Each structure stands twice: as C-alpha cells, then as structure tokens.
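Results of the structural survey
If you want the building blocks of each chain, they are given just below.
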Amino acid sequence: MIDRQIWIIDFGSQYTQLITRKTRELGHSSVIMTVEESRDLINQGHKPECIVLSGGPQSVFEDKEDYSFVFELNLPLLGICYGMQLMGQYFGGKVEKGVIGEYGHTKVKLKDGQSIANCPPEISVWMSHFDHVSVVPQGFEIVMESHNKLVATIVNKSKKLMGLQFHPEVEHSEHGKDILKHFYSVIAGLKEDWDAGEMLKEANELVKSVGKDYVLCAFSGGVDSLVAATIAHHVIGKNLHCFFVDNGLLRPQDYGHIQVLKNQTDLNIEIIDAKEIFYKNLSGIDDPEQKRKIIGRTFIEVFETKVHEYERDHAIKFTYLLQGTLYPDVIESTSPHKKGGKSVTIKSHHNVGGLPERMNLKLLEPLRFLFKDEGRTIGMELGLKHEWVYRHPFPGPGIGVRVLGELFPDSIRKVQESDQILFEELLEMNLYESVAQAFTVLLPVKTVGVKGDGRAYEEVICLRVVSTSDFMTATWSDLSYAFLSKVSNRITNEVRGITRVVYDITSKPPGTIEWE
Ligand code: XMP
C-alpha cells in the first residue's frame, strides 16, 4: 500500500497533519513520515506516487543534511515553505536570508499570463518564512509573487514539480485547497481514488490479520470504539467481545446510549457494573491528578478481573485488544519532533493505557491511519446511525473530573442532572452538532441566593461549551444569551442544590477543555 500513496515528509511544520488531511479530502491516500523513515523505505525498494515536503523551522543555511535521495526519485513533488527552499536549492536556484520576513496573512499575485485553478489575480495566503528563493532554478517558471516581490509559487511542468512559499493547507489561505488540487490533478496528474470504501477496505485487511484469534474491546460507546468494533465484528464476528465498564461517573445520556447499542447493533456488549468499587476507591480524594490515576487504575483492575473470569468460564484466551486509536495519536507517539522532546504532563489521560502489556495482549487498531472525521465517514458507510457517529467525545474519567474536588453521590447527581438539561436544550435548538463538546461542571463553592421567599446557600454549575476540530486548541462557543438564559433557568429550577449558573469563556490555551 505504501507504494501507492503520497508521502508527506515532515520537516517539523506545525501544519503537517493539515497537509495530510487536505490531501485525503481531495481523494488521495497519504501518510506522514520523517525524512529517516522515507529514506529507509526507499532503500528497501519502496516508492510513493508523489512526494510533499512540508515546511519546517530550519534554514537551509544551517541544515546540512543531504536530501538528494528524495529528488533523485524523479517523482511529482510539492515543496511547501522550507520544502520549496530545499527544492529550489537542489535544482540549482538560490536561497537567500530575507531582509524582511513574511508572517501571517500576505497578499500574493499571479504573474501576467499565469493561472492556477480558479484563483483570482490576487489572493491572501498564510506565510511564515524569513529565507526565500531569490533565484529560480532553470526549467521553473514563477507563477506567483508576494506583494513584497518575493517568489511565492514556482512550477516546473515537465518534471511535475511545484514550490509554494505559503501554506495552502491552512484555512487562512484563500483557495489553498484549490491550489493543492491543482498540483495533484493538473501538475502531478494523479487520480482521485481515496474514499470511504478504500479506507474501509484497508481497515478490514488489518482486522483480517488476527485470523481465528479472540479479540477483546474496552468499549466506551464513543464513536472511535464503536466504529472500530463494528469493523472488527464484520470481519471476525463472535470472536470479538466488548466489555463496557460502568464506573458510576456517566451521564444519563451515556446509560441510554449503551443500552441502545446493546439492543440495536450485533455487537456482543457486556456491561460491568463497577460503580461501588470506583466510589470506594475515590472516597476522600480531592486532588485532580490523584483522582485521574485512581480512576485509571481501578478501571484496569475491574477490567482485568472480568476478562479473566470470562476466559475461564468460556475456556478461551483473548489475544488482541481492539482500540479506536486514531492517526493523530499514532503520529504523536512516533514523530521524532515530539518523541523524546521534554514535555510536561498537563493531565494523565485515562483510556486503557498499560492494559496490553499487563495482560499480554497484542494491539488491534483498525483506525490507526485515519483522522476522526474519516472514522466518522466510515461509521456512516457501515450504516451506523448519524447520532451515534456524531456524538461529542466524553473523557474516560467522566464526571470524576467534572465534580471539582472530592466526589459525593449528591455532587455526581448535580452534574448528571444539569448535563442532561444542557444536552436536551442543545438538541432542541439544533445546536448539538455545531459545537464540539458541551458539559457542566460542579464548582466547589457555595453562594447565596433566594429561592421562593427563602435564603438559599447552594452550589454553582458552570457550563462549558467549546468549538474545535482537533481538541488541541479550542474556543468557547458563542451561544446566544437566550439559549444560555434558558439553560440557566432550567438548571436553577430543576436541579436541587444549585442556585447559580456561570458560563466559561476561557479558550484553550490557556484553559484546558476539562476543568481537572
Ligand atoms: P483537555 O481537558 O486536555 O481535553 O483540554 C481535551 C479533550 O480530551 C478529553 N479528555 C480525555 N479523554 N481520557 C479521554 O479519553 C481522559 O483522561 C481525558 N481527559 C480529557 C476532553 O474531554 C477533551 O475532549
């Protein structure tokens, strides 16, 4: 497969994932890889159908590595920003340090007689560079210049090469996707042959490799684990067994959802009621990190015990653990720019970390080459219901990190009831899918209010609603006052013990999406 793909070689740009996403949206299968990975694959005799060199923070004046192996393949090649500078230099042009850098929105113009797709004569694009190609190599034409008269786009039609000093992959670049499409279709002459059917075929192939072995799934009911399990079930049928752990930290909608999936899909889902043990282990704990660690550890203990019981009762042995891991997580853990770099733990994320090693299971990750929206597309292709596929994400520790401080049954109830109201109102106003995530948080403060004719001294619910596509950064959602007012009224009227509702208007960064 790797031979029929577009290889996006990552020089450390913060936008490399976006190049890959846009490329796939345009109907081309593509993978991100490091320079070393591409070198190894080429040495093993592999060859892509086309290459894209990403931007990067380096300067050709400091980076002395030899990249000629990439250009010697004589394949269609797109160089973006730093990638264009490498290309310009390799083919005999000249790169110079700029007198002025170009950062952010920049106007670029088509040279007389030139055209790219349906671009008007002048467009605004996203730039981030200091060095630039000052002398264009032989055989290349200048197609666009920036308003500072710097070379912005070069093309060598006969060799199927293109260089862009700006970033067509970011939303801020007008006609960015059209320009990429122009490169792939017109300059490189590639066919658009990557769609949901192809993605599914690949995911199926991956699952087939397990043969007759038994596969286990820590099923959450979220879109990723649902799509992964549905794919696996189609291929291996009853050899897949899904366990859903009820940690008592779920919302009313989650309890409803898991029952619906149990009744309306062919998946073999077993619900493990582990509320009591989670509550017992969390009793007296108010530190967020400690709560997260306890929830993670308890999950593993409960899951492991149940699985061993099942294996004993059915005289089988599970070999694989099915997970809905997505491509961004795979890249995150393999990219040399991120791996090995020192990073601070902001929150210890709890999913099923540690389980495969502990239980000696091999991993089965049919979505590991897909982005979330592609996983959703496959979900629809598999015939899953729209509302299952477009559910908001819900974190593993659930309400455990939405009751700030120590967890008590009554505080869990307050979050459950208020969350249900927010959920109902978002659906009612047709807003649910226009925001990325929405939930309520119980703040550990008491405030004075009046209810009826009496004084109330009760707690505060905070509404957290965010818009984001990648959950790495997020903005608070600009919901109407009428909507917020209705939700606030319902919560203070219907949720016992709540007198005040506030709306969180913090973006990420600096805030994270969850409060703990
Ligand atoms: P933060 O709070 O880090 O959240 O901005 C980003 C996204 O991750 C979700 N989240 C988790 N998901 N296990 C999960 O599966 C976790 O431990 C966890 N913590 C946060 C959060 O809901 C948001 O979508």
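Residues numbered from 1 in each chain as written. Predicted model: local features only at pLDDT ≥ 70, side-chain atom pairs only at ≥ 80, totals over all residues. Heavy atoms only, no water.

All right, on to the overall build of the protein chain then. A tally of regular secondary structure across the protein chain gives 16 helices and 20 strands. The C-alpha atoms of the protein chain give a radius of gyration of 26 Å, which matches the 24 Å a tight globule of 516 residues would have. On the principal axes, the C-alpha backbone points of the protein chain span a range of 80 × 60 × 40 Å. Of all 516 residues assigned to the protein chain, the portion counted as buried reaches 55%. By sequence separation, contacts in the protein chain at least 24 residues apart represent 75% of the contacts at least 6 residues apart. Counting only carbon and sulfur atoms, one obtains 51% of the accessible surface of the protein chain, whose full area is about 23,700 Å². Counting 57 positive and 70 negative side-chain charges, the protein chain places the averaged centre of each group 1 Å from the other. (Helix = DSSP H or I, 4+ residues; strand = E, 2+ residues; numbered from the N terminus. Rg over C-alpha atoms; globule rule 2.2 N^0.38 Å. Buried < 20%, exposed > 50% of the residue type's maximum accessible area, 1.4 Å probe, protein only. Contact = heavy atoms within 4.5 Å. Areas by Shrake-Rupley, 256 points an atom, 1.4 Å probe, with all protein chains shown as cover. Lys, Arg positive; Asp, Glu negative; His and termini not counted. Charge placed at Lys NZ, Arg CZ, Asp CG, Glu CD.)

Moving on to the sheet that holds strand S11 (residues 161-164). Strand order in the open sheet formed by nine strands is S2-S1-S3-S4-S11-S10-S9-S6-S7, and the pairing between neighbours is mixed. Looking at which strands have only one partner, the edges of the open sheet turn out to be strand S2 (30-33) and strand S7 (122-129). Between one strand axis and the next, the sheet turns by 20 degrees as a mean value, whatever way the strands run. The pairing of strand S10 (residues 151-156) with S11 spans four bridges and is classified as antiparallel. (Pairing = 2+ DSSP bridges. Axes fitted to C-alpha atoms, helices over the stretch in contact; angles between N-to-C directions.)

Another aspect to go through is the nonpolar core. Ranked by size, the top nonpolar core spans 49 residues in total, and within it Leu 216, Phe 303 and Ile 491 carry the most contacts. Per element, the largest residue contribution to this core is eight residues, and it comes from helix H10 (residues 288-314). Beyond its immediate stretch of four places on either side in the chain, Leu 216 contacts His 241, Phe 243, Phe 303, Val 307, Phe 318, Tyr 320, Leu 321, Leu 322, Met 359 and Leu 361. Counting residues in hydrophobic clusters, the runner-up holds 36 residues, among them Val 207, Ala 228, Leu 240 and Leu 261. (Core = buried A, V, L, I, M, F, W, Y, C linked by side-chain atoms within 4.5 Å.)

Let us now look at the environment of Lys 262. Turning to its location among the elements, Lys 262 is positioned in helix H8 (residues 252-264). In this structure Lys 262 comes out as partly exposed when scored by relative accessible area, which is 35%. Taking the C-alpha atoms as reference, Lys 262 lies 43 Å from His 172; in sequence the two are 90 residues apart. With residues up to four places along the chain from it excluded, the contact list for Lys 262 reads Ile 269 and Ile 271.

Turning our attention to the sheet that holds strand S13 (residues 240-246). Working definition: the strands of a sheet are paired by backbone hydrogen bonds and lie parallel or antiparallel to each other. The strand order S14-S13-S12-S15-S16 describes an open sheet built from five strands, whose pairing is parallel. Each end of this open sheet is capped by a strand with a single partner; those strands are strand S14 (269-273) and strand S16 (362-364). Averaged over all neighbouring strand pairs, the angle between strand axes comes to 30 degrees, with direction disregarded. Summarising the sheet, strand S12 (residues 214-218) and strand S15 (residues 318-322) pair through four bridges and their orientation is parallel. The residue bridging Tyr 214 from the neighbouring strand is Phe 318, located in S15.

Right, let's talk about the confidence of the model for the protein chain for a bit. With 96% of its residues at a pLDDT of 70 or more, the protein chain has an overall mean of 94. Considering only residues more than four positions removed or in separate chains, one finds that residues 336-342, a stretch of pLDDT under 50, has seven contacts. (pLDDT = per-residue confidence, 0-100.)

It is worth spelling out helix H2 (residues 35-43) at this point. Among the residues making up H2, those that are buried are Val 35, Ser 38, Leu 41 and Ile 42. Along the axis of H2, the buried residues cluster in a sector spanning 130 degrees; they form a single face. Looking at the buried residues of H2, the elements they touch are strand S1 (6-9), S2 and helix H3 (68-71). One or two positions beyond H2, positive phi appears at Gly 45, with a value near 100 degrees. (Arc of directions from axis to C-beta.)

Side-chain pairs of opposite charge can arise where the charged atoms are in close proximity. The final tally for this structure, using the stated rule, is 37 salt bridges. Glu 25 is the partner of Lys 177 in a salt bridge, and the nearest nitrogen-oxygen pair spans 2.8 Å. On the criterion of sequence distance, the pair formed by Lys 177 in helix H5 (residues 176-187) and Glu 25 in helix H1 (residues 16-25) is long-range, its members being 152 residues apart. With a closest N to O distance of 3.1 Å, Asp 246 and Lys 275 form a salt bridge. One end of the pair, Asp 246, is in strand S13; the other, Lys 275, is in helix H9 (residues 275-282), with 29 residues separating them in the sequence. Since its relative accessible area comes to 5%, Asp 246 is described here as buried. Here Lys 275 falls in the partly exposed class, since its relative accessible area comes to 24%. Sharing partners across several salt bridges, the network here consists of Asp 410, Arg 413, Lys 414, Glu 417 and Glu 459. (Salt bridge = Lys/Arg side-chain N within 4 Å of Asp/Glu carboxyl O.)

Moving on, we get to the packing of helix H6 (residues 196-208) against helix H13 (residues 372-381). Two elements in contact, H6 and H13, have axes whose closest approach is 9 Å; the angle formed by their N-to-C orientations is 90 degrees. By the angle between their directions, the pair H6 and H13 is classed as roughly perpendicular. Of H13, the residues touching H6 (which contributes Ala 196, Gly 197, Met 199 and Leu 200) are Glu 374, Thr 377, Ile 378 and Glu 381. Each residue belonging to the contact of H6 with H13 can be placed in one class, and the counts come to four nonpolar, two polar and two charged. (Parallel < 35°, antiparallel > 145°, perpendicular 65-115°, else oblique. Nonpolar A, V, L, I, M, F, W, Y, C, P; charged D, E, K, R; others polar.)

With omega at -15 degrees, the peptide bond leading from Lys 508 into Pro 509 counts as cis. Note the cis peptide between Pro 509 and Pro 510, where omega equals 10 degrees. On the secondary structure map, Pro 510 appears in the segment after strand S20 (498-503). A positive phi angle, close to 70 degrees, is found at Lys 149, a residue other than glycine. Despite not being glycine, His 175 shows a phi value in the positive range, around 60 degrees.

Following the sequence through the fold, Leu 73 ends up in the loop between H3 and strand S4 (77-80). Ignoring anything within four residues of it in the chain, the contact list for Leu 73 reads Ile 42, Lys 47, Pro 48 and Ile 51.

In this sheet, strand S18 (residues 454-467) lies alongside strand S17 (residues 437-451) in antiparallel orientation, the contact comprising 13 bridges. Bridge pairing in S18 places Val 450 opposite Arg 455.

Attention now goes to the pairing of strand S9 (residues 141-146). Sheet topology note: the strand S6 (residues 102-110)/S9 ladder contains three bridges and is antiparallel. Residue pairing in the sheet places Val 108 in a bridge with Ser 146 of S9. In this sheet, S10 lies alongside S9 in antiparallel orientation, the contact comprising four bridges. Within the sheet, the bridge partner assigned to Glu 145 lies in S10 and is Val 151. Hairpin connection from S9 to S10: four residues lie between these consecutive antiparallel strands, with Lys 149 at a positive phi of about 70 degrees.

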